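Here is how the chains run, residue by residue.
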Amino acid sequence: MKLNELRHKRWFKLLTNKYILTLSLFIIWMLFIDTNSWLIHHELNQDIEELKQNKQYYINEIAKDKATFKTLNDSVEIERFARENYFMKRPNEEVYIIEYEDSLQQN
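Residues numbered from 1 in each chain as written. Predicted model: local features only at pLDDT ≥ 70, side-chain atom pairs only at ≥ 80, totals over all residues. Heavy atoms only, no water.

S.K.: How should the overall build of the protein chain be read in this particular structure?
M.R.: Helix and strand counts for the protein chain come out as four helices and zero strands. Put simply, the protein chain runs from its N terminus to its C terminus through helices and strands in the order α-α-α-α. Expressed as a percentage of its 107 residues, the buried residues of the protein chain come to 4%. Total accessible area computed for the protein chain in this model is approximately 11,000 Å², and 60% of it derives from carbon and sulfur atoms. (Helix = DSSP H or I, 4+ residues; strand = E, 2+ residues; numbered from the N terminus. Buried < 20%, exposed > 50% of the residue type's maximum accessible area, 1.4 Å probe, protein only. Areas by Shrake-Rupley, 256 points an atom, 1.4 Å probe, with all protein chains shown as cover.)

What follows is the structure in structure tokens.
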């Protein structure tokens with residue numbers, strides 16, 4: 001019985017040591033509570049990754065738009081583009097939009 005009490009006292013002494021307590025509080029503070037904590041750094045790193053992905057997406061979209069812009073140098077091409085994408089028409093002209101069932105979005 002005395003051996004168990006002695007072990008218990010050693011752990012209790014170790015855990016109640018002022019240096020161990022101070023170090024433990026410091027680690028908890030730096031990991032979770034501080035304004036520069038590990039949690040905040042983790043969130044910021046996730047935001048950085050998301051912004052990098054957005055940057056790549058917009059770079060690809062700019063490249064597509066530049067290619068489209070190069071093809072639209074001719075007025076005939078501009079008219080074709082406006083008719084196909086924005087459903088524009090000439091005066092006294094009717095435009096019919098035909099949609100097939102397989103091209104409609106299903107909810």
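S.K.: I'm lost on the confidence of the model for the protein chain in this one. Help?
M.R.: The predicted structure's coordinates, where accompanied by low pLDDT, should not be read in detail. Here the protein chain shows a mean pLDDT of 83. Residues at 70 or above account for 90%. Mean pLDDT across the elements of the protein chain bottoms out in helix H1 (residues 2–15) (67) and peaks in helix H3 (residues 38–71) (93). (pLDDT = per-residue confidence, 0-100.)

S.K.: Quick question: what am I supposed to make of unusual backbone geometry here?
M.R.: Glycine aside, the phi torsion of most residues is negative, and most peptide linkages are trans. Although it is not a glycine, Asn-92 sits at a positive phi angle of roughly 60 degrees. Relative to the elements of secondary structure, Asn-92 occurs in the segment after helix H4 (75–86).

S.K.: Help me understand the environment of Lys-89 in this model?
M.R.: For Lys-89, the position within the fold is in the segment after H4. For Lys-89, a relative accessible area of 51% puts it in the exposed group. For Lys-89, the side chain forms a polar contact with the main-chain oxygen of Glu-93, separated by 2.9 Å. (Polar contact = N/O pair within 3.5 Å; in protein donor to acceptor, adjacent residues only side chain to side chain.)

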